[in-house]
Amino acid sequence: MIRLIGYFFGIGTALALLVAAGVWVVVGGITKDLPDYEVLSKYEPPVTTRVHASDGALMGEFARQRRLYLPIQAVPDRVKAAFLSAEDKNFYKHPGIDVAGLFRAVVNNLQTGGRQGASTITQQVAKNFLLSKDQTYERKIKEAILSFRIEQAFSKDRILELYLNEIFFGLNAYGVAGAALTYFDKSVNELTVSEAAYLAALPKGPSNYHPFRHTERAIERRNWVIQQMIDNGYVSREEGEKAKAEPLGVKPRRSGNYLFAGEYFTEEVRREIISRYGENALYEGGLSVRTTLDPHLQLIARKAMQNGLIKYDTLRGYRGPVKQIDLGDDWGVALGEVKGLDDIPEWRLAVVLESSAEGLKIGVQPKREVSGALSTDRETGTVSAEDMSFAMRHFVNGERVRAKSPADVLKPGDVVYVEPKGGDAYELRQVPAVSGGMVAMDPHTGRVLAMVGGFSFAQSEFNRATQAMRQPGSSFKPIVYAAALDNGYTPASVIMDGPITITSGNTTWSPKNYDGKPAGPSTLRAGIERSRNLMTVRLAHDMGMKIVAEYAERFGVYDRLAPYLPMALGSGETTVMRMVSAYSVMANGGRQIKPSMIDRIQDRYGKTVYKHDERGCEGCVATEWNNQSEPELIDNADQVLDPMTAYQITSMMEGVVQRGTATTLQELGRPIAGKTGTTNDEKDAWFIGFTPNLVVGLYVGFDQPRTLGKGTTGGGLAAPIFKEFMAEALKDTPPTEFQVPEGMTLIAINRKTGMRASEGEAGTIMEAFKPGTGPADSYWVIGMDSGGAVGEELSPSANRAIQTGGGGLY
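Only a predicted model underlies this, so the values are computations on that prediction, with no experimental measurement involved.

Some points on the overall build of the protein chain
No. 1: Looking only at helices and strands, the protein chain has 23 helices and 28 strands in total.
No. 2: For the protein chain, buried positions account for 53% of its 810 residues.
No. 3: Partitioning the contacts of the protein chain with sequence separation of at least 6, the portion at a separation of at least 24 is 70%.
No. 4: For the protein chain, the accessible area works out to roughly 37,500 Å², and carbon and sulfur atoms hold 51% of it.

Description of a nonpolar patch on the surface
No. 1: Among the surface-exposed residues, Val 740, Leu 746 and Met 766 lie close enough to one another that they form a single nonpolar patch of about 260 Å² accessible area.
No. 2: Along the chain, Leu 746 falls in strand 25 (residues 745-750).
No. 3: On the accessibility criterion, Leu 746 (45% relative accessible area) is partly exposed.

Some points on the sheet that holds strand 27 (residues 781-782)
No. 1: Ordered by their spatial adjacency, 3 strands build an open sheet running 19-16-27, and the pairing between neighbours is mixed. If you trace the sheet from one side to the other, it starts and ends with strand 19 (520-523) and strand 27, each paired once.
No. 2: Helix 18 (residues 533-543) contacts strand 16 (494-497), strand 19 and strand 27 of the sheet and is inclined by roughly 120° relative to strand 16.

Let's talk about the sheet that holds strand 14 (residues 435-441)
No. 1: If you trace the 5 strands from one edge of the open sheet to the other, you get 15-14-24-23-22, paired in antiparallel fashion. Each having just a single partner strand, strand 15 (448-452) and strand 22 (673-678) make up the two edges of the open sheet. Between one strand axis and the next, the sheet turns by 5° as a mean value, whatever way the strands run.
No. 2: Here helix 21 (residues 643-658) sits on the sheet and contacts strand 22 and strand 23 (684-691); the angle it forms with strand 22, its principal contact strand, is near 65°.

Considerations on the environment of Leu 565
No. 1: Looking at the secondary structure, you find Leu 565 in the loop between helix 19 (545-554) and helix 20 (576-587).
No. 2: Look at Leu 565 and you get buried, because its relative accessible area is 0%.
No. 3: On a C-alpha basis, the gap between Leu 565 and Leu 539 in space is 9.9 Å, while along the polypeptide they are 26 residues apart.

A few points about the confidence of the model for the protein chain
No. 1: Per-chain confidence: the protein chain averages 90 in pLDDT, with 90% of residues scoring 70 or above.
No. 2: Low pLDDT, under 50, characterises residues 792-807; the predicted model gives this stretch 38 contacts beyond four residues in sequence or across chains.

Focus on the layout of surface pockets
No. 1: Approximately 630 Å³ is the volume attributed to the second largest pocket.
No. 2: Across the lining of the second largest pocket, the residue classes tally to 9 nonpolar, 4 polar and 6 charged.

Digging into the nonpolar core
No. 1: In terms of nonpolar packing, the biggest core is built from 138 residues, with Ile 479, Phe 555 and Phe 725 touching the most fellow members.
No. 2: The biggest single contributor to this core is helix 20, with 9 residues.
No. 3: Leu 70, Leu 181, Ala 201 and Ile 226 belong to the second largest nonpolar core, which has 57 residues in total.

Things to note about helix 2 (residues 77-87)
No. 1: The element helix 2 is extensively covered by neighbouring structure, given that 9 of its 11 residues are classed as buried.
No. 2: Those residues of helix 2 that fall on the buried side of the exposure criterion are Val 79, Lys 80, Ala 81, Ala 82, Phe 83, Leu 84, Ser 85, Ala 86 and Glu 87.
No. 3: Tucked into the core, helix 2 has its buried residues touching helix 4 (121-130), helix 6 (156-166), strand 3 (168-170), helix 7 (175-184), helix 8 (193-201) and helix 9 (215-231).

Side note on the side chain of Asp 497
No. 1: Position of Asp 497 among the secondary structure elements: in strand 16.
No. 2: Here Asp 497 sits buried without a salt bridge, and the closest side chain of opposite charge, Arg 532, lies 4.2 Å off (N-O distance).
No. 3: For Asp 497, the side chain forms a polar contact with the main-chain nitrogen of Met 535, separated by 3.1 Å.
No. 4: Sequence-distant contacts of Asp 497, defined by excluding residues within four places in its chain, comprise Asn 513, Lys 517, Pro 518, Ala 519, Gly 520, Pro 521, Ser 522, Arg 532, Leu 534 and Met 535.

With respect to empty space enclosed by the protein
The method is simple in principle: a probe with the dimensions of a water molecule rolls over the atoms, and the space it marks as empty is what remains.
No. 1: Inspection of every chain in the model, using the stated rule, returns 2 cavities of 30 Å³ or more.
No. 2: Taken as a whole, the largest cavity holds about 110 Å³ of empty space.
No. 3: Of all elements in the fold, only helix 11 (263-277), helix 13 (295-314) and strand 15 reach the threshold of two or more residues within the lining of the largest cavity.
No. 4: Considering every element that reaches the lining of the largest cavity, the biggest residue donor is helix 13, with 3 residues.
No. 5: Looking at the lining of the largest cavity residue by residue, the classes come out as 7 nonpolar, 5 polar and 3 charged.
No. 6: Roughly 60 Å³ of internal volume is contained in the second largest cavity.
No. 7: If you go around the second largest cavity, the residues you meet are Thr 48, Glu 61, Arg 66, Arg 67, Leu 68, Gly 178, Leu 181, Thr 182 and Arg 253.
No. 8: Among the elements that take part in the lining of the second largest cavity, helix 7 stands out by supplying 3 residues, more than any other.
No. 9: Looking at the lining of the second largest cavity residue by residue, the class counts come to 2 nonpolar, 3 polar and 4 charged.

Things to note about the packing of aromatic side chains
No. 1: One pass over the structure, following the stated rule, counts 19 aromatic pairs.
No. 2: Seen from their ring centres, Tyr 551 and Phe 555 are 6.3 Å apart, and the 65° between their planes marks the pair as edge-to-face. Each member of the pair, Tyr 551 together with Phe 555, is buried.
No. 3: Among the aromatic side chains, those forming a connected cluster through ring pairs are Tyr 43, Tyr 69 and Phe 129.
No. 4: Seen from the ring of Phe 91, Lys 156 lies directly overhead, with NZ or CZ sitting 4.5 Å from the centre.
No. 5: Directly above the ring of Tyr 551 sits Arg 554, whose terminal nitrogen or CZ lies 4.2 Å from the centroid.

Remarks on the environment of Ser 581
No. 1: By the element assignment, Ser 581 lies in helix 20.
No. 2: The buried category is assigned to Ser 581, whose relative accessible area is 6%.
No. 3: For the pair Ser 581 and Gly 697, spaced 116 residues apart in sequence, the C-alpha separation works out to 9.4 Å.
No. 4: Dropping the residues within four chain positions of it, Ser 581 is found in contact with Met 441, Phe 555, Ile 593 and Pro 595.

Points about the pairing of strand 12 (residues 414-422)
No. 1: Pairing of strand 6 (residues 323-324) with strand 12 involves 2 bridges; the strand directions are antiparallel. When the sheet's bridge partners are listed, Gln 324 is paired in strand 12 with Asp 414.
No. 2: Examined bridge by bridge, strand 7 (residues 348-356) and strand 12 share 4 bridges and lie antiparallel to one another. Note that in strand 12 the partner of Arg 348 across the bridge is Val 418.
No. 3: One ladder, built from 5 bridges, connects strand 12 with strand 13 (residues 425-429); its direction is antiparallel. Bridge pairing in strand 13 links Val 418 to Leu 428.
No. 4: With antiparallel pairing between neighbouring strands as the criterion, strand 12 and strand 13 make up a hairpin whose turn holds 2 residues, including Gly 423 at a positive phi of roughly 65°.

Let's talk about the packing of helix 4 against helix 6
No. 1: The interhelical angle for the contact between helix 4 and helix 6, taken along N-to-C directions, is 55°, at an axis separation of 9 Å. Of the possible angle classes, the one that applies to helix 4 and helix 6 is oblique. Here helix 4 and helix 6 pass one another in a crossing that is left-handed. Contact with helix 4, carried on its side by Ile 121, Thr 122, Gln 124, Val 125, Asn 128 and Phe 129, involves Ile 159, Leu 160, Leu 162, Tyr 163 and Glu 166 of helix 6 and no other residues of that element.
No. 2: A per-class count over the contact of helix 4 with helix 6 returns 7 nonpolar, 3 polar and 1 charged.

Here we look at the environment of Thr 676
No. 1: In this fold, Thr 676 is placed in strand 22.
No. 2: Remark: the alpha-carbon pair of Thr 676 and Ile 528, spanning 148 residues in sequence, is separated by 9.7 Å.

About the cut-offs
- Residues numbered from 1 in each chain as written.
- Predicted model: local features only at pLDDT ≥ 70, side-chain atom pairs only at ≥ 80, totals over all residues.
- Heavy atoms only, no water.
- Helix = DSSP H or I, 4+ residues; strand = E, 2+ residues; numbered from the N terminus.
- Buried < 20%, exposed > 50% of the residue type's maximum accessible area, 1.4 Å probe, protein only.
- Contact = heavy atoms within 4.5 Å.
- Areas by Shrake-Rupley, 256 points an atom, 1.4 Å probe, with all protein chains shown as cover.
- Patch = residues over 30% accessible without salt bridge, like charges linked within 9 Å, V, L, I, M, F, W, Y side chains within 5 Å.
- Salt bridge = Lys/Arg side-chain N within 4 Å of Asp/Glu carboxyl O.
- Pairing = 2+ DSSP bridges.
- Axes fitted to C-alpha atoms, helices over the stretch in contact; angles between N-to-C directions.
- pLDDT = per-residue confidence, 0-100.
- 1 Å grid on protein atoms, 1.4 Å probe; cavity = no way out; pocket = protein on both sides within 12 Å on 5 of 7 lines; lining within 4 Å.
- Points joined across faces, edges and corners; volume = space filled by probe spheres on them.
- Nonpolar A, V, L, I, M, F, W, Y, C, P; charged D, E, K, R; others polar.
- Core = buried A, V, L, I, M, F, W, Y, C linked by side-chain atoms within 4.5 Å.
- Lys, Arg positive; Asp, Glu negative; His and termini not counted.
- Polar contact = N/O pair within 3.5 Å; in protein donor to acceptor, adjacent residues only side chain to side chain.
- Phe/Tyr/Trp six-rings, centres within 6.5 Å; stacked < 30°, edge-to-face > 60°.
- Lys NZ or Arg CZ within 6 Å of the ring centre and 35° of its normal.
- Parallel < 35°, antiparallel > 145°, perpendicular 65-115°, else oblique.
- Left-handed = near helix turned anticlockwise from the far one by under 90°.

Next comes the structure, spelled out in structure tokens:
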């Protein structure tokens, strides 16, 4: 018997050794292919890039995975408790594998036939970061081995930090901070017990516990997590039961743009970041972008531009409904499928239910619930005939006709835009066919404070402030006159405003003034104030178009301007942004500026990787005060225009407001300089103007250029939009005068002759002269002796400009 026992013991030992050797070989083979867990120390997950306005307001978020990395020290204990209770209550006790938990899971699965998991948080980190999700024994062995190694290499808090920042929660949310924002629009330290428990319930299967599709199942799972928190002593029974009774309370955070009216600006910043750093940096780099946008000014700019476009559009009649739908038994369902303009919240979509001579009865588009489902409430209202009076002139088969009754314009089933007036009364609206772009800039820094790229970003993402190439027309003339003033001319120089003909081969061009009449000899000031085309062309010819082209490029209006005379009237295409930048040079005393929509960019660690402000300040880094003078910022921008010239052209453009083509702006009651612009056939209307600290420019025109209508000018269409913006933007700012540079002399001159005025003489004006210059001693008219014929060798592109009219009018 002893020998038999010894025999079996020997066989058993041999088998055990054989099995051990086999396990050793298998494990040894597996461990050779294990990934390097040290990569966890260099963990840099894809993180959301966030864009902020100048006041810190969130403008937009960009991410492939909506994740905000959160150090474990910033995660509240309540949130940690929820995840430990849901996933691994013994996390801080086990060495990577919870043997007791594994045994309980096996017993439970045998008893219930279920598939309760037993992976610890450490094992999930190993799987999510280093292994595939294959359901194989080999992967489980690797997971266990890696878990032991990870526990030896990293602290428990570091492992939990990796887990909480990596896991997927559904709705494209990754990490607990991203999930808190996505599901509840809260930071993690604002989460309640109920909300933290719901988030902790999601990693097990986000789609299984969707807050709207599987609400009951989600609540059941959340309450199970709350019960675990009670059992583990993290919350009291009373607090837990109260949390269980609460609804899920999910309020999904919308993605994309968050700051109202900032869509065009945010999109422009998005494109710039991609241009600088690439798409991966934007969507995964976790950049923090502080922009130059002033939200207050942006709202004002949006409102002013929209009001101007609507006013122009409604004066030209109604173009018809958005679409036609079948009213059926429930008009709300069909109307709910029509997509409106979500960035014009003042307007609502509605369907005409009845139309008569008195007006319309309408059904307003039902709102959507948080879940996305259409509300079952049905709201109706009325549009009186008076509140749709502009639509009495409407288009039928492309021709505008006058209707006798609202019933002639709209019929039941027509979908329209309306704006609430109060009670159940609404006003008929339509999306303007005309559009435009607008930019407001700080002339001293180039910071873009506001930008409007069109009527509605939802309607068209094309940014007309930065992307639309348009002829600036007469708003380009100040660059011509600034070049002249910088090259020997004075505001009192007299130019012949008379007929002129340019000949090139068989092509001739005879520009005309807006009123069709020559004004005769006129000072440069009068030429700007009255926007004279003939004298502008003669001035450009007298000093040479190469000089004009040089200044246009120096100011940033064009990268390269062909030096041909039609270009002097603004026939070359450019953008609103470039024109506003050019006027900023004149407003800031002649210093070159770089327009910027971004103040600063920081990487995910807070390190500044870009800063727009390049001014130096050596004394700013002093560690202590030793009676030294206060530090000063050193502006190292290039001087591209004589400061005295900048003042002269500014003073001349003040005359545009005081006596010229933009006198409507006098009502603002403050010093303003600017210039109107209208292109040939009234296709575009411009106005660009400024105070000492703010430059604003805009144009109005159709996307496919066509006439705005006979008699439409920059002074009549664009200047009132500028006026509305400035009135609101500067209402709390005291007026500021333009400063005369030291060394200039103010001399009274005769407006007509440009010569020194005698004391008490009528028709005089104070004009600023540079040292060594002054009014002419004798009456001299530039261009008087050259007649009206000018020969010039022009390129094919210049000939095309001549044939299309060659530039600005007024």
